[in-house]
Amino acid sequence: MQLAKNLPPGRKTALMAMLIGGLFTLAVQIGYQWYLDQHKLPDELVGVVLPKPRGIGAFELVDHMGKPFTMARLKGKWTFMFFGYTHCPDVCPVTMGLMADVFSRFKDRPDLLDQTQGVFVSIDPKRDTEKMLKEYVPYFNKEFIGVTGGVGEVDRFSTELGVGVRVSPPEADGSYQIAHTSAIYLINPQGKFHALFQTQFHNAEKIAKLFDMMIKLFS
Amino acid sequence: MKKISIVSLLLGLFFSLHAWAGAGINVVDPWVRAAPPTVQSMAAYMAIENSGSAPMTLVEVRSPSFLKIELHQTTMVNGLAGMVPQKNMVIDPGARVELKPGSYHLMLLTPQTPIREGGRVPLTLVFGDGSRVEVEAVVRKDAQGQDSSGHPAGHAPGHDMH
């Protein structure tokens, strides 16, 4: 302060301004770090959870009971969603089995299961009728919902969620295969795409753990 | 004399059958993934070991239970899981080839009979030298003692695919 006393008034004001400015910057930095710490995702959820949940536009699909499957069906529940087709003998039953395994890990937590649903969306609506899905989907878990619809509407819905689909050239007998995204989507109770489980890296135990972390953070 | 000729005939038959039945090929734990009854495509898995001295090429698999059987590999390309048909599968001497979820498998098309969990599916493995190996695959829900995580394999060492 001895130093400040001997300074001319103009320099004194400048020094005060610098001091105040410095303190303000420090406060902002501390505050921002505190904010980051509060909102920081646990390391395990980095790369799984979207930084900002992404909204989904209106859609009109149909479930395996013939009932409309629209945005209203996603609201109020966490939805595990897998895109596949019933003519897929390896990846799809493996992933459906995995999804059923995740759900079975919560069997002693009915409160959690009440607010969670499993959905299989067919990316092959031409072959996968409601009747086909009615046999296929509940086989893995009787509560799971099979979803199909018009070719254009299914295409629009899956494209919006970033599902990759590549249909192989048909064979002589007309049969064809489809290469597709094998990840499991997690849609939050606001109907927004919130996380993606990569099935080649995450087993059922891991997915159940990550989901449990998520609902504690975001419910 | 008649007795001896029958014995020699039987012996001859035995040795010819033996030579024909895929020398050195051993199939371990063949199984078919149980699926809902309406499903038109199923998958079979197994390990094939070649203890012989020559490479063995699996060229075809037949079954009275299915219209068609194809050899496939599940692959992951640019984030898309797909299946690549394989013309054949070479099992080198001393090698063991695994057909498992998310990797090589037999795609079983159009069931000719109901395929139920706990049942058995006869499979005939035909090799390039004309030899055959008959196995019965058990129909069950999941892999046993195998990696059932379904990782698509980048490549499988120890054998070639063509």
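Please read all numbers here as calculations on a predicted model, not as lab measurements. (Residues numbered from 1 in each chain as written. Chains lettered and ligands numbered in written order. Predicted model: local features only at pLDDT ≥ 70, side-chain atom pairs only at ≥ 80, totals over all residues. Heavy atoms only, no water.)

A. Summary view of the packing of helix 3 (residues 91–104) of chain A against helix 7 (residues 204–218) of chain A. Residue and element names in this part refer to chain A. Running from amino to carboxyl end, helix 3 crosses helix 7 at an angle of 50°, the nearest separation of the two axes being 9 Å. For the element pair helix 3 / helix 7, the angle class is oblique. Helix 7 is crossed by helix 3, and the crossing has right-handed handedness. Facing helix 3, whose interface residues are Leu-98, Asp-101 and Val-102, helix 7 presents Ala-204, Ile-207 and Ala-208. (Axes fitted to C-alpha atoms, helices over the stretch in contact; angles between N-to-C directions. Helix = DSSP H or I, 4+ residues; strand = E, 2+ residues; numbered from the N terminus. Parallel < 35°, antiparallel > 145°, perpendicular 65-115°, else oblique. Left-handed = near helix turned anticlockwise from the far one by under 90°. Contact = heavy atoms within 4.5 Å.)

B. Molecular detail of the environment of Phe-120 of chain A. Residue and element names in this part refer to chain A. Mapped onto the elements, Phe-120 comes out in strand 5 (residues 116–122). Residue classification places Phe-120 among the buried positions, given a relative accessible area of 0%. For the pair Phe-120 and Tyr-136, spaced 16 residues apart in the sequence, the C-alpha separation amounts to 9.6 Å. Sequence-distant contacts of Phe-120, defined by excluding residues within four places in its chain, comprise Phe-82, Gly-84, Tyr-85, Thr-86, Met-96, Leu-133, Tyr-136, Val-137, Ile-145, Gly-146 and Val-147. (Buried < 20%, exposed > 50% of the residue type's maximum accessible area, 1.4 Å probe, protein only.)

C. Focus on the environment of Ala-95 of chain B. Residues and elements named next belong to chain B. Within the secondary structure layout, Ala-95 lies in the loop between strand 6 (89–91) and strand 7 (96–99). Owing to a relative accessible area of 13%, Ala-95 belongs among the buried residues under this scheme. Counting along the chain gives 43 residues from Ala-95 to Gly-52, while the straight-line C-alpha distance between them is 9.5 Å.

D. Here's a closer look at the interface of chain B and chain A. On the side of chain A, 25 residues touch chain B, which itself brings 33 residues to the contact. Roughly 2200 Å² of surface becomes buried between chain B and chain A when both sides are summed, with 60% attributable to carbon and sulfur atoms. It is Pro-36, Leu-80 and Ala-81 of chain B that lose the most area in chain B upon contact with chain A, and together they represent 23% of the buried surface on that side. In this structure, the connection of chain B to chain A is made through two salt bridges. Between Asp-173 of chain A and Lys-68 of chain B there is a salt bridge; the shortest N-O distance is 3.4 Å. (Buried area = accessible area lost by both parts, 1.4 Å probe. Salt bridge = Lys/Arg side-chain N within 4 Å of Asp/Glu carboxyl O.)

E. Examining the pattern of salt bridges more closely. Residue and element names in this part refer to chain B. Applying the stated criterion across every chain yields a total of 18 salt bridges over all chains. Between Arg-33 and Asp-142 there is a salt bridge whose closest N-O contact spans 3.6 Å. Placement of the pair is Arg-33 in strand 1 (residues 25–33) and Asp-142 in the segment after strand 10 (132–140), with a sequence separation of 109 residues. Classification of Arg-33 by relative accessible area gives buried; the value is 6%.

F. Just the state of the cysteines, in detail. All names here are of chain A. Counted according to the given criterion, the structure contains one disulfide over all chains. Residue pairing for Cys-88: its cysteine sulfur links by disulfide to Cys-92, the two sulfurs lying 2.4 Å apart. Between Cys-88 and Cys-92 the sulfur-sulfur dihedral comes to about 100°; the bridge is accordingly right-handed. (Disulfide = S-S within 2.5 Å.)

G. Quick peek at the packing of helix 3 of chain A against helix 5 (residues 130–140) of chain A. Residues and elements named next belong to chain A. Here helix 3 crosses helix 5 at 50°, and the two axes come no closer than 8 Å. Between helix 3 and helix 5, the crossing angle belongs to the class labelled oblique. Contact residues: helix 3 offers Cys-92, Pro-93, Met-96, Gly-97 and Ala-100, while helix 5 offers Tyr-136, Val-137 and Phe-140. In terms of residue class, the contact of helix 3 with helix 5 is made up of seven nonpolar, one polar and no charged. (Nonpolar A, V, L, I, M, F, W, Y, C, P; charged D, E, K, R; others polar.)

H. Just the side chain of His-87 of chain A, in detail. With respect to the helices, strands and loops of the structure, His-87 of chain A is situated in the loop between strand 4 (78–84) and helix 3. Sequence-distant contacts of His-87 of chain A, that is, excluding residues within four places in its chain, are made with Asp-124, Arg-127, Asp-128, Met-132 and Gln-177 of chain A together with Gln-40 and Ser-41 of chain B.

I. Expanded view of the packing of aromatic side chains. Enumeration over the complete set of coordinates arrives at 16 aromatic pairs over all chains. With 5.9 Å between their ring centres and 80° between their planes, Trp-78 of chain A and Phe-211 of chain A make a pair best called edge-to-face. Of this pair, Trp-78 of chain A sits in strand 4 while Phe-211 of chain A sits in helix 7, and the two are 133 residues apart along the sequence. Taking the relative accessible area as the measure of exposure, Trp-78 of chain A reaches 1% and is therefore buried. Each ring, one from Phe-82 of chain A and one from Phe-120 of chain A, has its centre 6.1 Å from the other, and the planes form 50°; the classification is tilted. Taken together, the residues Phe-82 of chain A in strand 4 and Phe-120 of chain A in strand 5 connect sequence positions 38 residues apart. Across this residue pair, the class does not change: Phe-82 of chain A and Phe-120 of chain A are buried. Aromatic ring contacts, followed pair by pair, group Trp-78, Phe-80, Phe-103, Phe-106, Phe-144, Phe-197 and Phe-211 of chain A into a single cluster. One Lys or Arg, Arg-127 of chain A, reaches over the ring of Tyr-176 of chain A and ends 3.7 Å from the middle of that ring. If you follow Lys-141 of chain B out to its NZ or CZ, it ends over the ring of Tyr-139 of chain A, 4.9 Å from the centre. (Phe/Tyr/Trp six-rings, centres within 6.5 Å; stacked < 30°, edge-to-face > 60°. Lys NZ or Arg CZ within 6 Å of the ring centre and 35° of its normal.)

J. Quick peek at a nonpolar patch on the surface. All names here are of chain A. Judged by side-chain polarity, Met-16, Leu-19 and Ile-20 come together as a nonpolar surface patch covering roughly 300 Å² of accessible area. Its place among the elements puts Ile-20 in helix 2 (residues 9–39). Looking at Ile-20, the relative accessible area reads 53%, which means it is exposed. (Patch = residues over 30% accessible without salt bridge, like charges linked within 9 Å, V, L, I, M, F, W, Y side chains within 5 Å. Areas by Shrake-Rupley, 256 points an atom, 1.4 Å probe, with all protein chains shown as cover.)

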